[in-house]
Every structure is written in C-alpha cells, then in structure tokens.
Amino acid sequence: MPHSLAHPPALEGRTLLDELNHRIRNELASVIHLVSFKAIWTDNVDAKEELSNVVDLLYQHIEVHNILTMPDRDALVDAGEQLRKLGLAMCRCKLDRMNIHLVLSVDTLPLESERCWRLVLAVYELVTNAVRHACFDGRDGQIKIKLMCTRSWVNCWVSDNGSGLGRIKPGRGLRIVSELAKGLGGRMSHTFGTTSTTFALDFPLTEREQHANRAVTARRPRTGRRLKAVPTPPSVSAVGQRVNDLAIQSKL
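These numbers were taken from a predicted model, which means no experiment stands behind them.

Rules of the game
- Residues numbered from 1 in each chain as written.
- Predicted model: local features only at pLDDT ≥ 70, side-chain atom pairs only at ≥ 80, totals over all residues.
- Heavy atoms only, no water.
- Helix = DSSP H or I, 4+ residues; strand = E, 2+ residues; numbered from the N terminus.
- Contact = heavy atoms within 4.5 Å.
- Areas by Shrake-Rupley, 256 points an atom, 1.4 Å probe, with all protein chains shown as cover.
- Buried < 20%, exposed > 50% of the residue type's maximum accessible area, 1.4 Å probe, protein only.
- Arc of directions from axis to C-beta.
- Pairing = 2+ DSSP bridges.

On a plain count of helices and strands, the protein comes out with seven helices and eight strands. Of the contacts made within the protein by residues no fewer than 6 positions apart, 77% connect residues no fewer than 24 positions apart. Accessible area for the protein stands at about 14,200 Å²; split by element, carbon and sulfur atoms hold 55% of it.

Right, here's the structure in full:
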C-alpha cells in the first residue's frame, strides 16, 4: 500500500531551500572566522589591512545572498526598494572593483513577496551575465536597471554598453531568467547590438498588486541615480564582533 507524503511538495521544496541557505551562511561564517583570525593575529600591517578587506568583501556577498533569499511570508514588498538594496550590495562586492557603474531608475512598485523575489533573482542574473560577458572595448562599463509600471503591466530593463555579439546563444543563466519570467506570467526578450545589450522582462500585475499600485500611483517617484559606493573596510578591532554577530545569525 503506498504511503502518503508527510509534506506537500511545495513545503518540502521550501524546506530544502531553507536548508541550502542555512548551509551557505554557515560556510561563509566559517571562512570569515578563519580570515578574521589571521587578520587579528598577524603582525604585518599590510597583510592585516588586506585580510580585513577580504572580510568586508565576504560580508558584502552575504548581504547579496540575504537579499536573494526566498521571503518567509506573502506580504507586499516594494520591488523598487529591493532593487536599490541589491544594486548597492552588488556595487560594493563586485561592480565597483571592476570599475563598472550602475545606474538605477525605479518606480515604487508593491509586489507580492514571492513574485518580488523572482523579479530580483532575474535582475541579479542579468546583471551578473553582463559582468561576465559584456565586452566594453576600452569604454567605461555601465549597466542600467530600469523598473516601471504601466497600467497592469510591469516593465523591467537591464542594459549595458558592452558588445553583445558573443552572447547570442542562451546559456544556463538566461534560461533561468526565462523560467523566472514565465513564473511571473510574463516573458523575457533581448536586443543585441555592437555597442549595447538590453534584456526586457514584462509581466502582469495580480489583482492584489494592481490595487496596491493604484494607491501609490499619484506619489510614485521617478528617479534615476547612479550607485557608486566604495565600501569602508572594517577596523580589525571590529572584525571579531561582526563574526560573532554572523555566527549567532547563522544558528537561527
């Protein structure tokens, strides 16, 4: 006689995701502990500074990971604010170090939390794809993220000023973005040029989201700002406290 499942597949999948996130945090905490120990005990001033910079970089990657973690509840979340947080974190841990400028222009856009999470995951993947594959040909690198809502549809663009001729064949990352767009009930499209590449995500709002967005339409800001944030390395004396804080969080 077949046994019934103890948990529905969706709940089991969520449990596995939580376990994976928990494991990643623990592994990053272990690496930070090790590097911090070396930073505290080395007598070489230059090595101490470099190791502290590594600790700060790891913390920035943890911040990106936290932003990309699946939300716990089905609340309404401002997708524009989430993209601002993601953009700033990616600047600090990756883009600034590669001299790539990020320009962000977003509307205040309430989305259901899981749908907001899918959108942020897609944008992260598209920005990462641009960082890996864009050829800037000696130009200053620039990536633009634009998010807006037109009536009942959301339009999101991720573009860069690099050559896209080598990215015509879709890879795993773009397939993931395409599936995320389908999960939102929308689609992904792209335009490749000799000096620019643009990916577009379009998807409809749910009734709940339409109601929330109608309430903020009159006061929605339409601003674009460049994120150019240089992280300040933590002092060596602060490293130990930050590691302890992370260790406590990873156990929760």
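Among all positions in helix α6 (residues 207-216), only Glu209, Ala212, Asn213 and Val216 are buried. All buried residues of α6 fall inside an arc of 95° around its axis, so they share one side. Exposed residues pointing more than 90 degrees away from the buried face of α6 are listed as Glu207, His211, Arg214 and Ala215. Lining the buried residues of α6 we find β1 (76-78), β3 (110-112), α4 (113-133) and β7 (197-204).

Below, the discussion takes up the pairing of strand β2 (residues 100-106). Across the seven residues of β2, six count as buried, placing the element largely inside the fold. As judged from the seven bridges shared by β2 and strand β4 (residues 141-150), these two strands associate in the parallel manner. Bridging from a neighbouring strand, Ile100 pairs with Gly141 of β4.

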